[in-house]
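Chain residues, written in single-letter form:
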Amino acid sequence: MAAKEAAASVPSTPLLKDELDIVIPTIRNLDFLEMWRPFFQPYHLIIVQDGDPSKTIKVPEGFDYELYNRNDINRILGPKANCISFKDSACRCFGYMVSKKKYIYTIDDDCFVAKDPSGKDINALEQHIKNILSPSTPFFFNTLYDPYREGADFVRGYPFSLREGVPTAVSHGLWLNIPDYDAPTQLVKPRERNSRYVDAVLTIPKGTLFPMCGMNLAFDRQLIGPAMYFGLMGDGQPIGRYDDMWAGWCIKVICDHLGLGVKTGLPYIWHSKASNPFVNLKKEYKGIFWQEELIPFFQSAVLSKDCTTVQKCYIELSKQVKEKLGKIDPYFTKLADAMVTWIEAWDELNPAGEAAVANSTAKK
């Protein structure tokens, strides 16, 4: 594990400077950090190196970081390391597990600083923090979107009993330039680019699932961290590119159960390059069929009242995965076991006291 200390001082204290880690999965040198330096340098980075552990990953000078490769993962987790994907960006969730901070922001190394319509650089991290630190409104939709934002409020007819909102567990950001499309859509629209900047943040309503993308994502680790498992993908697995979506379906079911909020919208990043659609199709093709059964499974998933922590929710969900999805393919039995292993490993590295607890005032 390599480490360096930040060399440059920052004049003003950024938001949550000592309470947030930035997690980056990578197989290459992190030159992209140069453009993020004004926004990321004050924060601690956790870099999860995928692929060949003998390869040296270069990190620009002046960043405070830890770097973990596969050898480190095996050393730290021992036999439980088999729950961490190899040769897939799903390995990033190891960074969530070893972090000791309250908040996590994760970004891919092909994501650059975007510009808003006025031409100003977007501080994506700052917007995510604003999203996380303000409440969500999952029980009743506000037609002016985020009512806590400056210049907005609750509209006429919005119940006063719900205006306090609930804690926000997840902030899901979007992308300009290369959209996050599946392989069939990539093949049909190879030249399509997203240039639409929508200046809005929405709470995803209770009972509504969404396709979570992990390339520009922030979350409250204490509230939902143990459920942010990106599954078994990549090397030796029959599926890929469903890691973040699997996590998204799981966290949404659990957030709905515990009365926590999930937001989507701002901030935007600039997604710089499109992945190969033919390679993606090979990774996705089973998932394209499976998701037609996975979505109804998560839509109908119900957790018992005994599930008062994220860990308890996740273990119960793993049992339902094994029982109901195991019939689709043996992979899901293996995945259900890995979900349990993940929680065991999480609890070993994060002893009681840091465990996420249910919001006692949650409205069900």
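Scroll up to find the structure this text is about.
To start, this report covers the structure provided alongside it. Not measured: the values here are computed from a predicted model.

## A few points about the pairing of strand 2 (residues 20-26)
For step 1, the next point in the chain: Burial of strand 2 is extensive: 7 of the 7 residues sit out of reach of the surface.
For step 2, the next point in the chain: Across the two faces of strand 2 the burial is the same, with Leu20, Ile22, Ile24 and Thr26 and Asp21, Val23 and Pro25 all buried.
For step 3, the next point in the chain: As paired strands, strand 2 and strand 5 (residues 103-107) are joined by 4 bridges and run parallel to one another. Each bridged residue has a counterpart across the sheet, and for Asp21 the counterpart in strand 5 is Ile104.
For step 4, the next point in the chain: The sheet contact formed by strand 2 and strand 3 (residues 44-49) spans 6 bridges and is parallel. From the neighbouring strand, Val23 faces strand 3, where its bridge partner is Ile46.
For step 5, the next point in the chain: Once you follow strand 2 into helix 1 (residues 33-40) and on to strand 3, the crossover reads as right-handed.

## Thoughts on the state of the cysteines
For step 1, the next point in the chain: Under the defined criterion, the tally for this structure stands at 0 disulfides.
For step 2, the next point in the chain: This cysteine, Cys255, is not joined by any disulfide, and Cys313 carries the nearest cysteine sulfur, 9.4 Å off.
For step 3, the next point in the chain: The thiol sulfur of Cys313 is not disulfide-bonded, and the nearest other cysteine sulfur, from Cys307, lies at 4.7 Å.

## A closer look at the packing of helix 7 (residues 243-258) against helix 9 (residues 310-325)
For step 1, the next point in the chain: Viewed as axis vectors pointing N to C, helix 7 and helix 9 meet at an angle of 125°, and their least axial separation amounts to 10 Å. In terms of orientation, helix 7 lies oblique with respect to helix 9. Seen from above, helix 7 lies across helix 9 with right-handed handedness. The residues of helix 9 that touch helix 7, namely those facing Trp246, Cys250, Ile254, His257 and Leu258, are Val310, Cys313, Tyr314, Leu317, Val321 and Leu325.

Cut-offs and rules
Throughout, a residue's number is its position along its own chain's written sequence, starting from 1. Given that the model is predicted, a residue must reach a pLDDT of at least 70 before its local features are reported, and side-chain atom pairs must reach 80 or more before they are shown or counted; all residues, however, enter totals for whole chains, interfaces and linings. Side-chain figures throughout are based on the complete set of non-hydrogen atoms in the structure, without hydrogens or water. Here's how the labels work: a residue is buried when its accessible area is under 20% of the maximum for its type, exposed when over 50%, partly exposed in between, all with a 1.4 Å probe on protein chains only. Put simply, DSSP H or I for four residues or longer makes a helix, DSSP E for two residues or longer makes a strand, and each gets a number counted from the N terminus. What makes two strands pair is DSSP finding at least two bridges between them. Crossover handedness is defined by viewing with both strands directed away from the observer: a clockwise path from the first strand over the helix to the second marks the crossover as right-handed. Any two cysteine sulfur atoms lying within 2.5 Å of each other are counted as a disulfide. Axis definition: a line fitted to C-alpha atoms, limited for helices to the stretch in contact. Angles are taken between N-to-C directions and run from 0 to 180 degrees. In what follows, roughly perpendicular refers to angles from 65 to 115 degrees, roughly parallel to angles under 35, roughly antiparallel to angles over 145, and oblique to any angle outside these ranges. Throughout, a crossing is termed right-handed when the near helix is turned clockwise from the far one, and left-handed when it is turned anticlockwise from it by less than a right angle. Residues count as neighbours in contact if any of their non-hydrogen atoms are within 4.5 Å of one another.

Nothing here speaks to function; it is all geometry.
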